[in-house]
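The lines below spell out each chain.
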Amino acid sequence: MGRYRALLRLGLIVVALALAIAAIAACGEEEVEVVSRLETVKERGHLICASRNDVPGYGALDAAGRNVGFDIDLCRAVATAVLGNPEAIEVEFITAAERGPTIQSGDVDLLVRTVTWTTSRDAQWGNYVHTTFYDGQGFMVPRSLGVDSAYDLGGASVCVTAGTTTELNMADFFRQNNLEYNPQVFEDTDVVLGAYQEGQCDVFTNDRSQLAALRSGLSNPQDHVILPETISEEPLGPVVPHGDEQWFDIVKTVIAGLIYAEAYGITSANYAQVAAGDNVKAKRLLGTEGSFGQEDLGLSETFMQDVIRSVGNYGEIYDRNLGPGGIDLPREGGRNALWANAPCTDCPKGGQIYAPPLR
């Protein structure tokens, strides 16, 4: 009898556990509702972008206090595609060290803050979209220092921003070349620049484009020299949080649309005429003939017309912020020219700004 009772008790326990597990599963099915980021953004009514306001050309405040720059315009392009309004953005200003934790948290929709694409960041931080600017790290020194090459910087003190690939590349460069140096590490780029200006260090290291941008804002830019060596590859581009493939695809498609708009000669001034013209590829991009998957992404057929009208094509964004209308970094003949501007006989000497076909 005792054995029978024991078996019965065991059977009841097993049944109870099974019922409990089934109840938990059923409860989970009822309570867990997956909400896409696209739906979240639309319901919120604005896009949250993590970026900056301290580097001209990329992200800075203009005379009216409006945040402008290449990275900011990419954020506006996505907001236009999703919400139809380039001003429907909230820019969260973060430091370089905060970039990883910020995008990992999922609290922002997009990270556009001169972020270098690396393998570990891709795995740990979020999904990188297309490369939108090819950069490389360099060094800036006072002209009075009399230095002509980075290989002559042995014993120098070097100002650098914490939590960046810049800091790691600097260490690799000096170690590889058996050069002693004294790193001066600061949290924010503007603090790094201030320390350099105050003479707390001999050298300022950063991406070459940022060095050019920051030098342009100095009281006497000609008193500072950017040395000729480029010590790293720095492909920069937007990042989205892991976990939502639709959102990843949306941002990729918007960036691709900007690039192809320039390749097809579609601008903020002529997009309406092109949409009514006879260029089949251009009309597909503008949503007046065929499709390239807009409906699968939850976007309108003509969303790229809105985007181009609001922020222009890739070239217009570049010229306004990084080119002649901004910090004047040349594109022609460089890596940041379109792939389409170089015949394949010259590849890969031509530009590398490229995106997958819109089909």
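In short, a report on the structure. This is a predicted model, so every value here is computed, not measured. Throughout this document, residue positions are counted from 1 along each chain, in the order its sequence is written. Two thresholds apply to this predicted model, a pLDDT of at least 70 for residue-level local features and 80 or more for giving and counting side-chain atom pairs, whereas whole-chain, interface and lining totals are computed over all residues. Water and hydrogen atoms were dropped before computing side-chain values, which therefore reflect all heavy atoms in the structure.

What follows covers the overall build of the chain. Comment: elements are numbered from the N terminus, with helices defined as DSSP H or I runs of at least four residues and strands as E runs of at least two. In terms of helices and strands, the chain carries 14 helices and 15 strands. Accessible area is worked out with a 1.4 Å probe on protein chains only. A residue is then buried under 20% of its type maximum, exposed over 50%, and partly exposed in between. Counting every position in the chain, which comprises 359 residues, the buried fraction comes to 49%. Should any heavy atoms of two residues lie within 4.5 Å, those residues are considered in contact. Contacts in the chain between residues at least 24 apart in sequence constitute 69% of all its contacts with a sequence separation of at least 6. For every accessible area listed, the method is Shrake-Rupley and the probe measures 1.4 Å; residues are considered covered only by the protein chains on display. Counting every atom, the chain has about 17,000 Å² of accessible surface; 52% of that belongs to carbon and sulfur.

A separate point is the sheet that holds strand β11 (residues 181–186). Here the rule is simple: two strands pair whenever DSSP picks up at least two bridges between them. Reading across the sheet, the five strands line up as β11-β10-β12-β9-β13 and stay open at both edges, with mixed pairing between neighbours. Each edge of the sheet is formed by a strand with only one pairing partner; in this case those strands are β11 and β13 (224–226). The mean angle between the axes of side-by-side strands here comes to 30°, regardless of whether they run parallel or antiparallel. Summarising the sheet, strand β9 (residues 137–142) and β13 pair through three bridges and their orientation is antiparallel. Within β13, the residue paired with V141 across the bridge is V225. For every element, the axis is a line fit to its C-alpha atoms; helices are fit only across the contacting stretch, and the angle between N-to-C directions ranges from 0 to 180 degrees. Against the sheet, helix α7 (residues 189–197) makes contact with β9, β10 (156–161), β11, β12 (203–207) and β13, and its axis sits at roughly 160° relative to β10, the strand it touches most. The strands touched by helix α8 (residues 208–216) are β9, β12 and β13; relative to β12, the strand with the most contacts, the crossing angle is about 120°.

Two kinds of site are reported from a 1 Å grid over the protein atoms alone, namely cavities, where a 1.4 Å probe fits but cannot get out, and pockets, open sets with protein on both sides within 12 Å along at least five of seven lines, and residues are called lining when an atom falls within 4 Å of a point. Grid points are joined across faces, edges and corners, and a volume is the space filled by probe spheres set on the points. What the largest pocket holds in volume is close to 380 Å³. Lining the largest pocket we find 19 residues, and of these F133, Y134, D135, R208 and S209 sit closest to its centre. For the lining of the largest pocket, the secondary-structure elements that each account for two or more residues are β8 (133–135) and α8. Looking at the lining of the largest pocket element by element, the count peaks at four residues for α8. Looking at the lining of the largest pocket, its residues break down into seven nonpolar, six polar and six charged. Three residue categories are used. Nonpolar comprises Ala, Val, Leu, Ile, Met, Phe, Trp, Tyr, Cys and Pro, charged comprises Asp, Glu, Lys and Arg, and polar comprises the others, including Gly.

The next point concerns the side chain of T102. Tracing the backbone shows T102 in helix α4 (residues 99–105). The class for T102 is buried, based on a relative accessible area of 11%. Filtering out sequence-adjacent residues up to four positions away, T102 remains in contact with A50, E92, I94, D107 and V108.

All right, on to a negative patch on the surface then. Patch construction takes residues with relative accessible area above 30% that form no salt bridge. Like charges are linked within 9 Å, and nonpolar side chains (Val, Leu, Ile, Met, Phe, Trp, Tyr) are linked within 5 Å. Note on definitions: salt bridges are taken to be side-chain nitrogens of Lys or Arg within 4 Å of carboxyl oxygens of Asp or Glu. Here Asp and Glu are counted as negative and Lys and Arg as positive; His is not counted, and neither are the chain ends. A charge is said to be at NZ when it belongs to Lys, at CZ for Arg, at CG for Asp and at CD for Glu. Taken together, the side chains of E90, E92, E98, D107 and E187 define an acidic patch exposed on the protein surface. With respect to the helices and strands, the residue E92 is situated in strand β5 (residues 89–93).

Think of it this way: a Phe, Tyr or Trp ring, Trp meaning its six-membered ring, pairs with another when their centres are within 6.5 Å, and the plane angle makes it stacked under 30 degrees, edge-to-face over 60, tilted otherwise. Per the counting criterion, the structure on display carries 17 aromatic pairs. Arranged with centres 6.1 Å apart and planes meeting at 80°, the rings of F139 and F174 form a pair that is edge-to-face. With F139 in strand β9 and F174 in helix α6 (residues 165–176), this residue pair connects regions lying 35 residues apart in the sequence. Three or more aromatic residues joined by ring pairs make a cluster, and in this case those are Y58, F70, F133, Y314 and Y318. The criterion for a charge sitting over a ring is simple: Lys NZ or Arg CZ within 6 Å of the ring centre, and within 35 degrees of the ring normal. For K252, the ring lying beneath its charged end belongs to F248, and the centroid distance is 4.2 Å. A cation sits over an aromatic face here: R331 above Y318, 5.1 Å from the ring centre.

Relative to the elements of secondary structure, L297 occurs in helix α12 (residues 294–297). Assessed through its relative accessible area of 9%, L297 is described here as buried. Sequence separation between L297 and E245 is 52 residues; the distance between their C-alpha atoms is 9.9 Å. Contact partners of L297, with chain neighbours within four places excluded, come to L38, Q246, D249, I250 and T253.

This brings us to the state of the cysteines. A pair of cysteine sulfur atoms is labelled a disulfide when the two atoms are within 2.5 Å. Under the criterion given, the structure shown has two disulfides. Across the disulfide from C49 sits C75; the S-S distance is 1.8 Å. Here the disulfide of C49 and C75 is right-handed, its torsion about the S-S bond being about 85°. Highlighted residues: C49 in strand β1 (residues 47–51) and C75 in helix α3 (residues 70–83), separated in sequence by 26 residues. With respect to burial, C49 and C75 carry one shared label: buried.

Read these as spatial facts, not as claims about activity.
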